[in-house]
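This is what each chain is made of:
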Number of protein chains: 2
Amino acid sequence: MLRRTLFGLAPAVLLGGTRRPWREVERILERGDFQGRLSVDDLPTPALLVDLDALDANIAKMAAHCRAKNRALRPHGKTHKCPEIARRLISAGAVGACAAKLSEAEAFARAGIGGLLVTTAVVGQHKLERAVRLARLKPETTFCVDDAGNLADLDEAAREAKVRLNVAVDLYVGTRTGIPAGPPAVTLAQAIARRKNVRFTGLQAYAGHASHRNGFEARRELSRGVMQTAVETRRLIEAAGIPCPLLSCGSTGTYNIDCDIDGITELQPGSFLFMDVDYARIGGQDGPVYRDFRHSLTVLTTVVSKPSAVEAVVDGGLKAFSTDKPFTPEAKGIDGIVFSWGGDEHGKLNLTKASRTLNVGDRVEFVVPHCDPTVNLYDRMYGVRGSQVETSWLIAARGMSQ
Amino acid sequence: MLRRTLFGLAPAVLLGGTRRPWREVERILERGDFQGRLSVDDLPTPALLVDLDALDANIAKMAAHCRAKNRALRPHGKTHKCPEIARRLISAGAVGACAAKLSEAEAFARAGIGGLLVTTAVVGQHKLERAVRLARLKPETTFCVDDAGNLADLDEAAREAKVRLNVAVDLYVGTRTGIPAGPPAVTLAQAIARRKNVRFTGLQAYAGHASHRNGFEARRELSRGVMQTAVETRRLIEAAGIPCPLLSCGSTGTYNIDCDIDGITELQPGSFLFMDVDYARIGGQDGPVYRDFRHSLTVLTTVVSKPSAVEAVVDGGLKAFSTDKPFTPEAKGIDGIVFSWGGDEHGKLNLTKASRTLNVGDRVEFVVPHCDPTVNLYDRMYGVRGSQVETSWLIAARGMSQ
């Protein structure tokens, strides 16, 4: 059946794709010269897809929102890890990109992305040396601190290297890292302001628990509460005579909450680009499903086995999807499929209530449970419009958790 | 404090490492010429470490076991994805490597590894073309089928390419993929034997549910039960006049069970190389902890924040560890630490009952919940002996789930 008919190419019914032999597809994938020549069915699965229309709509909506609310937008690069997307965001008005870790920031900087905010403290001799090197390349980069010892190290590293580092205080607002809001944070801000080789730029206050709180009203109440402590800390610092131009916070879950809080200067959301099963479930202003942004990210799989009439096995498992949420991937365009994990390499589909059946060779696209750690599993994402592959983007900071 | 004392290098107490500046460490990491010059504390974290003494002991033990039991050993490459480890296993007596997917097998073949068994069916025109290409490079490669239509496609692809493909029947033995044992499998074997462009090599029967069954006796009972159906199928095929030289099965959990079942010809375990929190909990012959193999794989992290006296935050989160198990990473060398997820980039440690405290900059090593998907997060693993970094291995098939 291979390449038998039609000028040596295989029949479409078997291929699903564009009838090109693999050697041609491989060459197009390597060179990236798509030019409308590949269909999504030509992609080897599992493949990470991004729907470009949905992505662009999400970017435009978030950018317009921040513009209307007069807040800066510095989307979090840990979600996409992809310089092409960072550039797209900056073209739409973003002031730069957040990077979760120094090595992620380095990857963005190497690709020419500026306006970086490194959201995790830079700890240890080697990381300090790298921070200084990054600041030479991108002097506007801001680093976060929540510890007086780490501040002293940063200041000394900057002194020795004869650079001046921008430093923000990371506030503890209920989860994870940071120094308590109020007097401890003010004291740390004062310590920064006293040092010669660092420059105080402001505050970071990321409240992950608020972002994912179910129900819009509950989320608003929680976020307004914790953000009030951040806003008050900013006021205290300015009352102590230290300018505090930055208060960076917010997320996909709270973008339309935090923008209405006076004193917040910028948002650092990430997941709005892609959306996932998780964020769809937090609830929106208009009902139980959060619909502010479109699902643009999916993983395309192929049915590789059919153990029974109501079971199918796809080639995407623990290595193709994030697994940190209590729920599994959701099939796109087919109702009633129940996905369960089939180990590292497989997903098991129960088709008992499926709106159509599936056979070996059929392709199924899934919305992912959690976008960030899913993206981190892939070296490339394919930008698609309809069934056509338009581009392929390197996930340059994949694995850069250092 | 940086590079201030002792010939321009920083004091060891602050570094933990070998006092080398980052630019030197970076050069050594890039070139891979370690020569005893780096300590684990020089590695940027999170870093994937493999204890070479423990790895070598695990390899030697499994190889000796298979030799003594007169079974072939074809360890599963999906665990390590690393040609250097595949070579080490072959040096110890392994007959080759299993690969979960075709792209993983291609990565091994490119690195010169032979004796490949591709354990997932090769489905779709492009994968078939690639299978043929792989068979040209490594003619001894075996492919698995569980579907008559897929077999017809494989045969046709082989015919067109003028190669002969080795094909094994994948048996359904309780989980995931495969054709039911007994008559359906015999019929498929006969169909293979009748076709001219494929060669029947035998059976694959992987029982994942047996591998992870808690308690040695319960595991033995389950594995013996499901493997009996595989052995019986092999007998039926041979009774039908078709030689069936291969019956590949087994896992880290059942290696010392399946080797005692007559008719099983080879084992395909993977996790024994590294071990993880999961396998430690399945129970051994001598008690509730499975100790047959040593924990060789860890993730090294750094404390980057200390929100309170009894809380520390390390720089390893959902992107540094597998998250598919109900339990979290376990600290090595420190008792009483309770790890909980702190998002994509962080792990939260409760130190209330810890055997020692931790401060910003301290390093903590963790045994991972599940080794395979953790390895798949990293581009390299560092081979260490004691505190010295001896080598760095490319995880060449990382992300190769296609």
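Here the structure is a predicted model, which means the values were calculated and not measured.

What counts, and where the lines are drawn
- Residues numbered from 1 in each chain as written.
- Chains lettered and ligands numbered in written order.
- Predicted model: local features only at pLDDT ≥ 70, side-chain atom pairs only at ≥ 80, totals over all residues.
- Helix = DSSP H or I, 4+ residues; strand = E, 2+ residues; numbered from the N terminus.
- Rg over C-alpha atoms; globule rule 2.2 N^0.38 Å.
- Contact = placed C-beta atoms within 7 Å.
- Domains from an automatic or database assignment.
- Least-squares fit on C-alpha atoms with pLDDT ≥ 70 in both.
- Buried ≥ 20, exposed ≤ 12 C-beta atoms within 10 Å, placed from the backbone.
- pLDDT = per-residue confidence, 0-100.
- Pairing = 2+ DSSP bridges.

A. Structural detail: the overall build of chain A. The helix and strand inventory of chain A stands at 13 helices and 18 strands. In terms of overall size, chain A behaves like a compact globule, its C-alpha atoms giving a radius of gyration of 23 Å where 402 residues would be expected to give roughly 21 Å. The principal-axis extents of the C-alpha atoms in chain A amount to approximately 75 × 45 × 40 Å. Partitioning the contacts of chain A with sequence separation of at least 6, the portion at a separation of at least 24 is 65%.

B. Region of the structure containing the domain arrangement of chain A. All names here are of chain A. Each assigned domain of chain A is listed with its residue range as follows: domain 1 (17-51 + 293-394) and domain 2 (52-280). Relative to domain 2, the C-alpha centre of domain 1 lies at a distance of 33 Å. At the interface, 24 residues of domain 1 touch 24 residues of domain 2. Secondary structure elements with two or more residues in the side of domain 1 that touches domain 2: β1 (47-51), α13 (371-375), β17 (380-385) and β18 (388-394).

C. Looking closely at the interface of chain A and chain B. At the junction of the two partners, chain A supplies 68 residues and chain B supplies 68 residues. Listing elements by their share of the side of chain A that touches chain B, those giving two or more residues are α1 (12-15), α2 (22-31), α6 (125-137), α7 (148-161), β11 (297-308) and α13 of chain A. In terms of residue count, the dominant contributor to the side of chain A that touches chain B is α7 of chain A (six residues).

D. Representation of the relation of the copies chain A and chain B. Between the two copies, chain A and chain B, the superposition gives an RMSD of 0.0 Å; the rotation angle is 180° and the shift along the axis is 0.0 Å. Look at the turn and shift together and you get a two-fold axis relating the two. Considering only C-alpha atoms, the residue of chain A closest to the rotation axis is T323 of chain A, which sits at 2.9 Å. Comparing contact sets, 100% of the residues at the interface of chain A also lie at the interface in chain B, consistent with an isologous, same-surface contact.

E. Region of interest: unusual backbone geometry. At the junction of T45 of chain A and P46 of chain A, the peptide bond is cis and its omega measures out at -5° in the coordinates. Note that P46 of chain A resides in the loop between α2 and β1. Located in the positive-phi region is Q35 of chain B, a residue other than glycine, with phi close to 45°. Relative to the helices and strands, Q35 of chain B resides in the loop between α2 (22-31) and β1 (47-51). Residue class for Q35 of chain B comes out exposed when judged on the 8 C-beta atoms lying within 10 Å of it. Within the chain, K162 of chain B stands out as a residue other than glycine whose phi angle is a positive 60°. On the basis of neighbour count, K162 of chain B is assigned to the exposed category, with 9 C-beta atoms found within 10 Å.

F. Quick look at the confidence of the model for chain A. Residues and elements named next belong to chain A. The pLDDT averaged across chain A works out to 94; a share of 96% of its residues lies at or above 70. Counting contacts from residues 1-15, a segment whose pLDDT is below 50, to residues more than four positions away or on other chains yields 29 contacts. The ipTM assigned to the predicted complex is 0.94, against a pTM of 0.95.

G. Quick peek at the environment of R110 of chain A. All names here are of chain A. Tracing the chain through its elements places R110 in helix α5 (residues 102-110). Owing to 13 C-beta atoms within 10 Å, R110 belongs among the partly exposed residues under this scheme. Along the primary structure R110 and G149 are separated by 39 residues, whereas in three dimensions their C-alpha atoms are 29 Å apart.

H. Structural detail: the pairing of strand β5 (residues 142-145) of chain A. All names here are of chain A. By the alternation rule, side chains of β5 split into T142 and C144 and F143 and V145, which are all buried. Across two bridges, strand β4 (residues 116-118) lies against β5 in parallel orientation. Counterpart to V118 in the pairing with β5 is F143. Alignment of β5 against strand β6 (residues 165-172), held across four bridges, turns out to be parallel. Bridge pairing in β6 links F143 to V167.

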